[in-house]
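Close look at the chain arrangement
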Amino acid sequence: MADKYAAVHLNTIGQIAEHGYALRMDCRSCGKGADVDLDSLIARLGAEFTLPELRRHAACPHCGGAVGFSMRLAAAGTKPDGHPMAIRLKPRR
Ligand SMILES: [Zn+2]
């Protein structure tokens, strides 16, 4: 499992923020997408919350659909349009 992420050492949301990356979330159902508000996410879930875990539990705040994540260096480019999206987490089963 961990092999997939071995090339980049960005496995937790804390590390993503720490290394200056932005995390973008796009909904596959309704097409809405925006940068994730990493600071508030870290405040809620803790810096050690992992990306695979986030992928499993995140849902679109607008329609509840599955979302995809992409990362980019926050300092490298302009932010895409849209307000930071609050992630809705599905309850664990
Ligand atoms: Zn949606």
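Below is a short write-up of the structure. A quick note: this is a predicted structure, and the numbers were derived from the prediction, not measured. (Residues numbered from 1 in each chain as written. Predicted model: local features only at pLDDT ≥ 70, side-chain atom pairs only at ≥ 80, totals over all residues.)

**Here's the deal with the overall build of the protein**
Within the protein, the secondary structure is distributed over three helices and five strands. In sequence order, the secondary structure elements of the protein are arranged as α-β-β-α-α-β-β-β. Per-residue burial for the protein yields a buried fraction of 17% across its 93 residues. When contacts within the protein are restricted to residue pairs at least 6 apart in sequence, those whose partners lie at least 24 apart make up 76%. (Helix = DSSP H or I, 4+ residues; strand = E, 2+ residues; numbered from the N terminus. Buried ≥ 20, exposed ≤ 12 C-beta atoms within 10 Å, placed from the backbone. Contact = placed C-beta atoms within 7 Å.)

**Observations regarding the sheet that holds strand β1 (residues 21-27)**
Taken in spatial order, the three strands line up as β2-β1-β4 in an open sheet, and their pairing is antiparallel. Looking along the sheet, the strands with just one partner apiece sit at the ends: β2 (33-35) and β4 (67-73). Here the strands of the sheet are splayed against their neighbours by 20° on average, with no regard to which way each runs. In terms of strand pairing, β1 meets β2 through three bridges, oriented antiparallel. Its bridge partner lying in β2, D26 is registered against G33. (Pairing = 2+ DSSP bridges. Axes fitted to C-alpha atoms, helices over the stretch in contact; angles between N-to-C directions.)

**Some remarks on the environment of I16**
Positionally, I16 belongs in helix α1 (residues 13-18). Separated by 55 residues in the primary sequence, I16 and M71 place their C-alpha atoms 8.4 Å from one another.

**What about the environment of H57?**
With respect to the element layout, H57 can be found in helix α3 (residues 51-57). It is 9.5 Å that separates the C-alpha atoms of H57 and V67, two residues lying ten residues apart in sequence.

**Regarding the pairing of β1**
On a regular strand, one side chain projects to one face of the sheet and the next to the other, so that they alternate. Among the seven residues of β1, five are classified as buried, and the element is accordingly described as predominantly covered. Sheet topology note: the β1/β4 ladder contains seven bridges and is antiparallel. Of the residues in β4, the one forming a bridge with M25 is F69. Between β1 and β2, which pair antiparallel one after the other, the connecting turn spans five residues, and G31 there sits at a positive phi close to 80°.

**Focus on the environment of V67**
Along the chain, V67 falls in strand β4. For the pair V67 and C30, spaced 37 residues apart in sequence, the C-alpha separation works out to 9.7 Å.

**Re the nonpolar core**
Soluble globular proteins: nonpolar side chains tend toward being buried together. Core analysis: the largest hydrophobic core is formed by twelve residues, namely I13, I16, A22, L23, M25, C27, V36, L41, L54, A58, C60 and V67. Elements supplying a minimum of two residues to this core: α1 and β1. Residue contributions to this core peak at four residues, all from β1. (Core = buried A, V, L, I, M, F, W, Y, C linked by C-beta atoms within 7 Å.)

By themselves, these observations are geometric and do not establish any function.
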